[in-house]
Every structure is written in C-alpha cells, then in structure tokens.
Amino acid sequence: MNLPPDANAPEEIKWQGDYITAKTRGRWEFVGRARGIKAAVILAIDEEDNVILVDQYRVPLQRRCLELPAGLVGDENDMADEDPANAAIRELEEETGYRAGTMENMGEFFSSPGMVSESFTLFRARDLVKVGEGGGVDDENIVVHRVPLSRIGEVIADFRARDYAMDVKMLALLGPALLR
C-alpha cells in the first residue's frame, strides 16, 4: 500500500490547551486530545427497548446537541490511568442517572478522521438501574431522554425541527432505517 507524501512528515504541535492540541503533519492540519486523553461513548438500551440519550449545549455549535452519553477517560490528573470501562460506568451515571450492570466494549471508532485524531471506545450498557437524576456535573446542564427505539427516527426529526444539532454517533441508531 502506498502512503501519501505527508504520512512520514514530522508531527508539529502548533497550539496546546488543557484538552485540545492543534497539530500539523506536512500539509495536514488537525486536532487531537491533549495528554492522550480518550473518550468513552455509551449505547444504553433498557429492557423495554428505550435508548437513553442526552442533550446539552455545545459551545462550538452554539446550540444544544442530541447525543449518546459520553465522557473523557482519564481527563483528571488523579485519574490518568483510568480504565475506559470504568469511565463509561461513571459517565453514564453522572449524565443519565442510570447504572449499568455490565459494559460491553464494542471497539474503538474515529468520528472525523480527516481532521481529528481523537478516538472513542463505544460501550454497550446492559442491565440498567435508575439510581439518580443525572444531569452531569458542575454546569453541564444535561437533559436526559428515554426514547423508544421504534420511534428513534421521528424523535430525531422532532429534535432537528427544534434546531438541535445531531452528534454523528446518532447514526448508529438510524442505521437500519438509512439502509432501506
């Protein structure tokens, strides 16, 4: 397989913040997570076939966004070696108020590989138990939605009509309908 000319160019950091790093490699510009931070995304479907979704205001988009629950792995200094499954369990409970009996690792994915080097591990949460209200931590102001999978297309359309952004990971829920 032939690699593009920039594949072996040295990587240069142009700017680094607490969570994001802007880089170049040859003519390519891209961003990644600082300090090697990863993310965990959780697909949580309860025993009644409802998917647990969240929405929150996303500053880069200047509007609220409908998403699967997710969070950073090891983003705090005292948690640098956090296990991704433990992060998924923690984030699901913080954001949604649900605790998972099991977390199944579904693999690593990249959301926008042409401009972002960040990856996330997708987890399938099973055996959900409601243990709190959710809503996130600090000022996240997360709203929790319990949506029947049988109505996911119309629910997404309703959120779009109200000018919500859609996280790319929502495609996982639309898959079968998109393929018809």
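A. Geometry of the packing of aromatic side chains. Tallying each qualifying case throughout the model produces 2 aromatic pairs. A ring pair is formed by Phe109 and Phe120, whose centres lie 5.9 Å apart and whose planes are at 25°; its orientation type is stacked. Here the residue Phe109 occupies a position in strand β8 (residues 98–110), and Phe120 occupies one in strand β9 (residues 119–130), the gap between them amounting to 11 residues. Residue classification places Phe109 among the partly exposed positions, given a relative accessible area of 37%. Of the residues examined, Phe120 reaches a relative accessible area of 10% and is grouped as buried. The ring of Phe159 carries Arg162 above its face, with NZ or CZ at 4.5 Å from the centroid. Positioned above the aromatic ring of Phe120 is the side chain of Lys169, whose terminal nitrogen or guanidinium carbon lies 5.0 Å from the ring centre.

B. Quick look at the pairing of β9. Here 6 bridges tie strand β4 (residues 38–44) to β9, and the two strands are oriented parallel to one another. In the sheet register, Ala39 faces β9, and the bridge partner there is Phe120. Strand direction decides the pairing type here: β8 and β9, joined by 11 bridges, are antiparallel. Residue Gly107 lies in a different strand from β9, and its bridge partner there is Leu122.

C. Structural view of the side chain of Asp55. The topology assignment puts Asp55 in strand β5 (residues 50–58). Within the local environment of Asp55, its side chain forms a polar contact with the side chain of Arg64, the two groups lying 2.4 Å apart. If near-sequence neighbours (up to four positions away) are discounted, Asp55 is found in contact with Arg64, Cys65, Leu66, Asn141, Ile142, Val143, His145, Phe159 and Tyr164.

D. Inspection of the sheet that holds β8 at higher detail. One open sheet holds the 4 strands; their spatial order is β7-β4-β9-β8, and the pairing between them is mixed. Edge positions in the sheet fall to β7 (70–73) and β8, since each of these pairs with one other strand and no more. The sheet shows a mean angle of 30° between the axes of neighbouring strands, direction not considered. Relative to β7, β4 runs antiparallel, the two sharing 4 bridges.

E. Molecular detail of the sheet that holds strand β11 (residues 165–166). If you walk across this open sheet you meet the 4 strands as β10-β5-β6-β11, and the pairing is mixed. In this open sheet, the two strands that pair with only one neighbour each are β10 (143–148) and β11. For strand β6 (residues 63–67) and β11, the ladder comprises 2 bridges, and the chain directions are parallel. Looking at β11, one finds that Cys65 is bridged to Ala165. With respect to the sheet, helix α1 (residues 84–96) is in contact with β5 and β10, its orientation differing from that of β5 by roughly 75°.

F. Up close: the nonpolar core. One finds Val51, Leu53, Ile152 and Leu173 to be the most contacted residues of the largest nonpolar core, which totals 22 residues. Looking at this core, the elements that each hand over two or more residues are β4, β5, β9, α2 (152–161) and α3 (171–178). Take this core: its biggest share by element is 4 residues, from α2. Aside from chain neighbours lying at most four places away, what touches Leu173 is Leu43, Val51, Leu53, Leu68, Leu149 and Ile152. By size, the runner-up hydrophobic cluster in this structure holds 14 residues, among which are Ala44, Leu92, Tyr98 and Leu128.

About the criteria used
Residue positions are counted from 1 within each chain, in the order its sequence is given. Local features in this predicted model are restricted to residues of pLDDT 70 or higher, and side-chain atom pairs are both shown and tallied only at a pLDDT of 80 or more, whereas totals for entire chains, interfaces and linings draw on every residue. Values shown for side chains rest on all heavy atoms present in the structure; no hydrogens or waters enter the calculation. Each Phe, Tyr or Trp ring, with Trp reduced to its six-membered ring, pairs with another whose centre is within 6.5 Å; inter-plane angles below 30 degrees give stacked pairs, above 60 give edge-to-face pairs, and intermediate values give tilted ones. Secondary structure elements are defined from DSSP: runs of H or I of at least 4 residues count as helices, runs of E of at least 2 residues count as strands, and each element is numbered from the N terminus. Whether a residue is buried, partly exposed or exposed follows from its accessible area with a 1.4 Å probe, protein chains only, as a fraction of its type maximum: under 20%, in between, or over 50%, in that order. We count a charge as sitting over a ring when the NZ of a lysine or the CZ of an arginine lies within 6 Å of the ring centre and within 35 degrees of the ring normal. Criterion used throughout: strands pair if DSSP finds at least two bridges between them. In protein, a polar contact requires one atom able to donate a hydrogen and another able to accept it; more generally it is a pair of N or O atoms within 3.5 Å, and residues adjacent in sequence count only if both atoms are side-chain atoms. Pairs of residues are marked as contacts when any of their non-hydrogen atoms sit within 4.5 Å. Axis definition: a line fit to C-alpha positions, over the contact stretch in the case of helices; interaxial angles, taken between N-to-C directions, run 0 to 180 degrees. We define the nonpolar core as a collection of buried residues of types Ala, Val, Leu, Ile, Met, Phe, Trp, Tyr and Cys that are connected through side-chain atoms lying within 4.5 Å of one another.

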